[in-house]
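Structural description and commentary
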Amino acid sequence: MNALCWMNGSILPASEARLPVLDHGLLYGDGVFEGIRFYYGRPFRLDAHLARLARSARAIALDLPLERPVLAAAVDALIDALGAGEGYLRLVVTRGVGALGISPASCQAPNVFIIAAPLQLVDEATRARGARVIVASTRRLPLDGLDPRIKSLNYLNHVLARIEAQNAGADEAILLNAAGRVAEGSADNVFIEHEGVLYTPPVCEGALAGVTRALILELAEERGLPCREQPLAPYDLYTADACFLTGTGAELIPVREIDGRPLPQVPGAHFGRLAEAFRACVRRECEAA
Ligand code: PMP
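Residues numbered from 1 in each chain as written. Predicted model: local features only at pLDDT ≥ 70, side-chain atom pairs only at ≥ 80, totals over all residues. Heavy atoms only, no water.

1. Examining helix 6 (residues 211-222)
- With twelve residues, helix 6 should reach 16 Å at 1.5 Å per residue; the first-to-last C-alpha distance of 17 Å fits that figure.
- Every buried residue of helix 6 is listed here: Val 211, Thr 212, Arg 213, Leu 215, Ile 216, Leu 217, Leu 219 and Ala 220.
- Following helix 6 by one or two positions, Gly 224 adopts a phi angle in the positive range, close to 70 degrees. (Helix = DSSP H or I, 4+ residues; strand = E, 2+ residues; numbered from the N terminus. Expected span 1.5 Å × (residues − 1). Buried < 20%, exposed > 50% of the residue type's maximum accessible area, 1.4 Å probe, protein only.)

Encoded structure:
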């Protein structure tokens, strides 16, 4: 099944969708986006994604040209047209076409498009045996550079970190912040388990406020699993009992090795309960909707 694209109110094969070369999203990475899963033909946690999109847009002074109900209706229409129960959506808002200079002042109208694809982003074998992870030498950008809470079209340091992982024969890279503490994965948030307690770095350490991360914190609390948002060093990763990654694409993936150091538990003691709770939440919110 081929990917489809919603663009300016019409749906067409993604391979035929076109954007002008003068769009500042392409020229400068000037824009914002969301990655959204759908299950049972329904988008998962769409409100949280659209709220984050709105925050990202406000943070870069980009006026979203479409109201939330219009975006939600476009998402529904696209999922229906794709005809797959499960898949991934990429909602992108660019600054739009402007002059060649960097200033967005000449950009008249943002472009909005949504791509839908039935594919899984993660290799199921990796999910089953656990991911091999490295700590990348490429750092997450500091808050006063480009705030990592903005889900912008600038992903180059994540791409470079992922190349490092690939070159090391690993599945994913963890980026540190400028102070050398753990920020997040190249496209996911990081949790560790240590002596029965779950830890994840606070968002101000340089992480995206992940929708899946927030859900895991919620599910852990509901189940009385001790969970702390706390700064972490690479040392904490290396000495953890277990580690897992969370994200829209990743869902939950156990980690089996970090920088060549095998983790003692793959998955950790709490992983199974959280993964099951995650599945139940998806069913409750999407299947029943
Ligand atoms: N961090 C980064 C840099 C990401 O790109 C993603 C994927 N959106 C995440 C974390 C996970 O966030 P979410 O659970 O909202 O997909």
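2. Overview of the packing of helix 6 against helix 8 (residues 271-287)
- Remark: helix 6 packs on helix 8, axes separated minimally by 10 Å, with the N-to-C direction vectors making an angle of 110 degrees. Of the possible angle classes, the one that applies to helix 6 and helix 8 is roughly perpendicular. Contacts from Thr 212, Leu 215, Ile 216, Leu 219 and Ala 220 in helix 6 reach Leu 274, Ala 277, Phe 278 and Cys 281 in helix 8. (Axes fitted to C-alpha atoms, helices over the stretch in contact; angles between N-to-C directions. Parallel < 35°, antiparallel > 145°, perpendicular 65-115°, else oblique. Contact = heavy atoms within 4.5 Å.)

3. A short note on the domain arrangement of the protein chain
- The domain architecture assigned to the protein chain consists of domain 1 (4-116) and domain 2 (124-286).
- Taking only C-alpha atoms into account, the centre of domain 1 sits 26 Å from that of domain 2.
- At the interface, 27 residues of domain 1 touch 24 residues of domain 2.
- Contact with domain 2 buries area across many residues of domain 1, yet Phe 33, Arg 45 and Arg 52 alone supply 31% of it, more than any other trio. (Domains from an automatic or database assignment. Buried area = accessible area lost by both parts, 1.4 Å probe.)

4. Quick look at helix 3 (residues 68-82)
- Between its first and last C-alpha atoms helix 3 spans 21 Å; for 15 residues at 1.5 Å apiece the expected length is 21 Å, and the two agree.
- Of all the residues in helix 3, the buried ones are Leu 71, Ala 72, Ala 74, Val 75, Leu 78, Ile 79 and Leu 82. All buried residues of helix 3 lie within an arc of 160 degrees about the axis, which places them on one face of the element. Opposite the buried face of helix 3, by more than 90 degrees, sit the exposed residues Pro 69 and Asp 80.
- In the segment just after helix 3, Gly 83 is the residue with positive phi, at about 75 degrees. (Arc of directions from axis to C-beta.)

5. Examining the site of the ligand
- Near the ligand you find 16 residues, and of these Tyr 155, Glu 184, Val 211, Thr 212 and Thr 248 are the closest.
- Within the side chain of Thr 212, a nitrogen or oxygen atom sits 2.6 Å from an oxygen atom of the ligand.
- When the ligand sits alone it has 380 Å² of accessible area, and the protein chains cover 96% of it.
- Broken down by secondary-structure element, the contributors of at least two residues to the shell around the ligand are helix 6 and strand 13 (242-247).
- Taken together, the residues of the shell around the ligand sort by class into four nonpolar, eight polar and four charged. (Near = heavy atom within 4 Å. Polar contact = N/O pair within 3.5 Å; in protein donor to acceptor, adjacent residues only side chain to side chain. Areas by Shrake-Rupley, 256 points an atom, 1.4 Å probe, with all protein chains shown as cover. Nonpolar A, V, L, I, M, F, W, Y, C, P; charged D, E, K, R; others polar.)

6. Observations regarding the environment of Ser 56
- Within the secondary structure, Ser 56 sits in helix 2 (residues 46-59).
- Take Ser 56: its relative accessible area is 1%, and that puts it in the buried class.
- When the C-alpha atoms of Ser 56 and Ala 173 are compared, they prove to be 24 Å apart, with 117 residues separating the residues in sequence.
- Apart from the residues within four sequence positions on either side, Ser 56 is in contact with Val 32, Arg 149, Ile 150 and Lys 151.

7. Describing unusual backbone geometry
- Following Val 266, the chain continues into Pro 267 via a peptide bond in cis, with omega recorded as -5 degrees.
- Following the sequence through the fold, Pro 267 ends up in the loop between strand 15 (261-262) and helix 8.
- Unusually for a residue other than glycine, Tyr 40 sits at a positive phi of about 50 degrees.
- Position of Tyr 40 among the secondary structure elements: in the loop between strand 3 (31-39) and strand 4 (42-43).
- Positive phi, normally seen in glycine, also occurs at Glu 251, with a value near 55 degrees.
- The topology assignment puts Glu 251 in strand 14 (residues 251-258).

8. Side note on the sheet that holds strand 2 (residues 10-13)
- Taken in spatial order, the six strands of this open sheet run 2-1-6-5-3-4, and their pairing is antiparallel. Edge strands, defined here as strands with exactly one partner in the open sheet, are strand 2 and strand 4.
- In terms of strand pairing, strand 3 meets strand 5 (residues 87-94) through eight bridges, oriented antiparallel. Note on strand 5: the bridge partner recorded for Phe 33 is Val 92.
- Running over the sheet, helix 3 touches strand 1 (4-7), strand 2, strand 3, strand 4, strand 5 and strand 6 (111-117) and is turned about 35 degrees from strand 6. (Pairing = 2+ DSSP bridges.)

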